[in-house]
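Survey of secondary and tertiary structure
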Amino acid sequence: MSTSAVGKPLQRQPSTSKTLGAEKGPVALLVKALRADAHTHWEEEELLNTVHWLKQVLALVCGLLWGVVPLTGLAAFLGFVALNLAAVFCWYRMQRLDEDLYGGHQVLLSEGFPPSVAVFLIVWIATFTVVQH
Amino acid sequence: MVVGLPDIVEVVLFNFLAVLLSEIALYYAKYRQTGFKSVKEAVRRQVNRDSGKNGLGKLKSGRERKLERKDNNLKRDATKEVAMLRVYQGGVTAVMIFTVYRALNLAFWAKSIAKLPFEPASFLRMLAHRGLESPAANDCSMAFVLALCQLGIRPNLSLALGWGPSRRMNAMSAVIPNQQDVAAR
């Protein structure tokens, strides 16, 4: 056991809830996601929240792009769906994460997916309406 | 409503404010209650404890049995808190949606507020063209945008504010005890 300068054993502080990442806001999680590499440690809730916010940001960006270009029709919508799933899949594969520890591919890919589709549709429709009409 | 903003932007902003107000109402009604906060904190401590565990062995020591009893009590408390929360959430959400729909109806009934960049499928057409007289294929009614806002804004705002139950708390409240847990009791 490590000791202080006066020879008394140092008290190890117990992990607090802050280490779980559940308290981190979306900006902090997104910054961590962008800086993460194969050695970054992820708690379960922290990772799921990060995946959620990554999808929302992607939905926002795609909605703006699709509306400005514009990309229309079912093909454009399916293109977003494919891009959304593929981008998150590639991101967590790059982290060399064992997805079984976090619920498997299904949990990671489905986390935040319905809200991201709704956000994409809102932004796409709004941008298309404002820019094109 | 507000001069200068496109109709769809007004509807989205109005929905955002309504969802924010409903979350604040839930915070004062439920999230800041001592019972809810203590269960939420206990679940967080359990997650912290479990993350260092390698799993229970086949032979359970007295301490492990005690912890298991504590976990079962926590599951019961979490289930109770989340069930009560669902009642509050249902009530607040219903009142909010009803109010927002009535308010937006007054301003945007029979008016296309946006142009859709796609032709809605048959099962969406009724919602996308709700209240519109002789709509074009890609006309969009207020009701469709309202539905999308509820699906998109609410979960994101809840997660960003972080006031509600954690994922673990929701998962615990939905756990059905398996045969091992029942036999251990």
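Residues numbered from 1 in each chain as written. Chains lettered and ligands numbered in written order. Predicted model: local features only at pLDDT ≥ 70, side-chain atom pairs only at ≥ 80, totals over all residues. Heavy atoms only, no water.

Note the following rule: UniProt positions are given in the numbering used here, feature names are shortened, and annotations may be inferred rather than shown by experiment.
An unreviewed UniProt entry lists chain B under the name Calcium load-activated calcium channel, from Symbiochloris irregularis. On record in UniProt, under Sequence similarities (unreviewed entry), the comment for chain B is "Belongs to the TMCO1 family." Per its UniProt entry, chain B bears the Subcellular location (unreviewed entry) comment "Endoplasmic reticulum membrane".

You'll find chain A entered in an unreviewed UniProt entry as Rab5-interacting protein, with Symbiochloris irregularis given as the organism. Quoted verbatim from the Sequence similarities (unreviewed entry) field of UniProt, the annotation for chain A is "Belongs to the EMC6 family." Reading the Subcellular location (unreviewed entry) entry of the UniProt record for chain A gives the comment "Endoplasmic reticulum membrane".

**Details of the nonpolar core**
Among soluble globular proteins, nonpolar side chains are generally buried collectively. Put simply, the rule is: Definition of nonpolar core: a set of buried residues of the types Ala, Val, Leu, Ile, Met, Phe, Trp, Tyr and Cys, connected through side-chain atoms within 4.5 Å. Throughout this description, buried means an accessible area under 20% of the type-specific maximum (1.4 Å probe, protein chains only), exposed means over 50%, and partly exposed covers the range between. Numbering of helices and strands runs from the N terminus; a helix is a DSSP stretch of H or I covering at least four residues, while a strand is a stretch of E covering at least two. The criterion used for residue contact is that any of the two residues' heavy atoms lie within 4.5 Å.
Among the nonpolar cores identified, the biggest contains 38 residues, and A:Phe80, A:Phe120, A:Ile125, B:Phe144 and B:Val145 are the most heavily contacted of them. Those elements that provide at least two residues to this core are α2 (44–68), α3 (73–94) and α5 (113–132) of chain A together with α1 (7–31), α3 (62–108) and α5 (142–161) of chain B. Among all residues touching B:Phe144, those that are not within four sequence positions of it are A:Ile125, B:Leu116, B:Phe118, B:Leu124, B:Leu127 and B:Ala128. Within the second largest apolar cluster, 16 residues are counted, among which are A:Leu30, A:Leu54, A:Leu97 and A:Leu108.

**Some remarks on helix α1 (residues 26–35) of chain A**
Think of an α-helix as 3.6 residues a turn; residues three or four steps apart then line up on the same face. All names here are of chain A. To keep it simple, the criterion reads: Working note: the arc is built from the helix axis to C-beta atom directions.
Taken as a whole, α1 has its buried residues at Leu 29, Leu 30, Lys 32 and Ala 33. Viewed along the axis of α1, the buried residues span an arc of 160 degrees, placing them on a single side of the element. Projecting away from the buried face of α1 at angles above 90 degrees are the exposed residues Val 27, Leu 34 and Arg 35. Looking at the buried positions of α1, the neighbouring elements they touch are α2 and α3.

**Focus on the confidence of the model for chain B**
Keep in mind that low pLDDT regions are not for reading the predicted coordinates in detail. Residues and elements named next belong to chain B. To keep things clear, this is the line we draw: Each residue carries a pLDDT score, the predictor's confidence in it, ranging from 0 to 100.
Model confidence for chain B is summarised by a mean pLDDT of 83, while 86% of its residues fall at 70 or above. Counting contacts from residues 54–58, a segment whose pLDDT is below 50, to residues more than four positions away or on other chains yields 2 contacts. Low confidence marks residues 176–185, where pLDDT is under 50. Its contacts with residues over four positions away, or in another chain, come to 6 contacts. Overall fold confidence (pTM) sits at 0.82, and the ipTM for the predicted complex is 0.81.

**As for the interface of chain A and chain B**
Formally: Salt bridges are counted wherever a side-chain nitrogen of Lys or Arg sits within 4 Å of a carboxyl oxygen of Asp or Glu. Polar contact is defined as a pair of N or O atoms within 3.5 Å, subject to the rule that within protein one atom must be able to donate a hydrogen and the other to accept it, and that residues adjacent in sequence are counted only when both atoms are side-chain atoms.
Every contact between the two is made by 30 residues of chain A and, on the other side, 26 residues of chain B. At the boundary of chain A and chain B, one finds 1 salt bridge. The partner of A:Glu111 in a salt bridge is B:Arg167, with the nearest N and O atoms 2.6 Å apart. If you look at where chain A meets chain B, you find 7 residue pairs in polar contact (both at pLDDT 80 or more). Among the secondary structure elements, those contributing two or more residues to the side of chain A that touches chain B are α2 and α5 of chain A.

**Looking at the confidence of the model for chain A**
All names here are of chain A. With 83% of its residues at a pLDDT of at least 70, chain A reaches an overall mean of 83. Mean pLDDT per element in chain A: α1 is the minimum at 87, and α5 is the maximum at 95. A low-confidence stretch, residues 1–5 stays under pLDDT 50, and its non-local contacts, those more than four residues away or across chains, total 7 contacts. Note on residues 7–22: pLDDT under 50 across the span, and 24 contacts to partners over four residues away in sequence or across chains.

**Quick word on the environment of B:Leu26**
Note on placement: B:Leu26 falls in helix α1. A sequence separation of 35 residues divides B:Leu26 from B:Ser61, and the C-alpha atoms of the two residues are 42 Å apart.

**Describing the environment of B:Phe108**
Residue and element names in this part refer to chain B. When you line up the elements, Phe 108 lands in helix α3. Under the relative-accessibility criterion, Phe 108 is labelled buried at 3%. Along the chain, Phe 108 and Val 11 lie 97 residues apart, while their C-alpha atoms are 9.2 Å from each other.

**Quick word on the packing of aromatic side chains**
As a reminder of what qualifies: Note on aromatic contacts: the rings of Phe and Tyr and the six-membered ring of Trp form a pair at centre separations within 6.5 Å, being stacked when their planes are under 30 degrees apart, edge-to-face when over 60 apart, and tilted otherwise. A ring is considered to have a charge above it if a Lys NZ or an Arg CZ atom is located within 6 Å of its centre and within 35 degrees of its normal.
In the structure shown here, the tally under the stated rule is 10 aromatic pairs over all chains. Here the aromatic rings of A:Phe77 and A:Phe120 are separated by 6.4 Å at their centres, their planes lie at 40 degrees, and the arrangement is tilted. Here the residue A:Phe77 occupies a position in helix α3, and A:Phe120 occupies one in helix α5, the gap between them amounting to 43 residues. Take A:Phe77: its relative accessible area is 22%, and that puts it in the partly exposed class. Both rings, one in A:Phe80 and one in A:Phe120, keep their centres 4.0 Å apart while their planes meet at 5 degrees; by these two values the pair is stacked. Of the two residues, A:Phe80 sits in helix α3 while A:Phe120 sits in helix α5, which places them 40 residues apart along the sequence. Accessibility classification places A:Phe80 together with A:Phe120 in one group, the buried group. Taken together through their ring pairs, the aromatic side chains of A:Trp66, A:Phe77, A:Phe80, A:Phe120, A:Trp124 and B:Phe118 make up a single cluster. Residue placement shows A:Lys32 over the ring face of A:Trp42; its charged tip is 4.5 Å from the ring centre.

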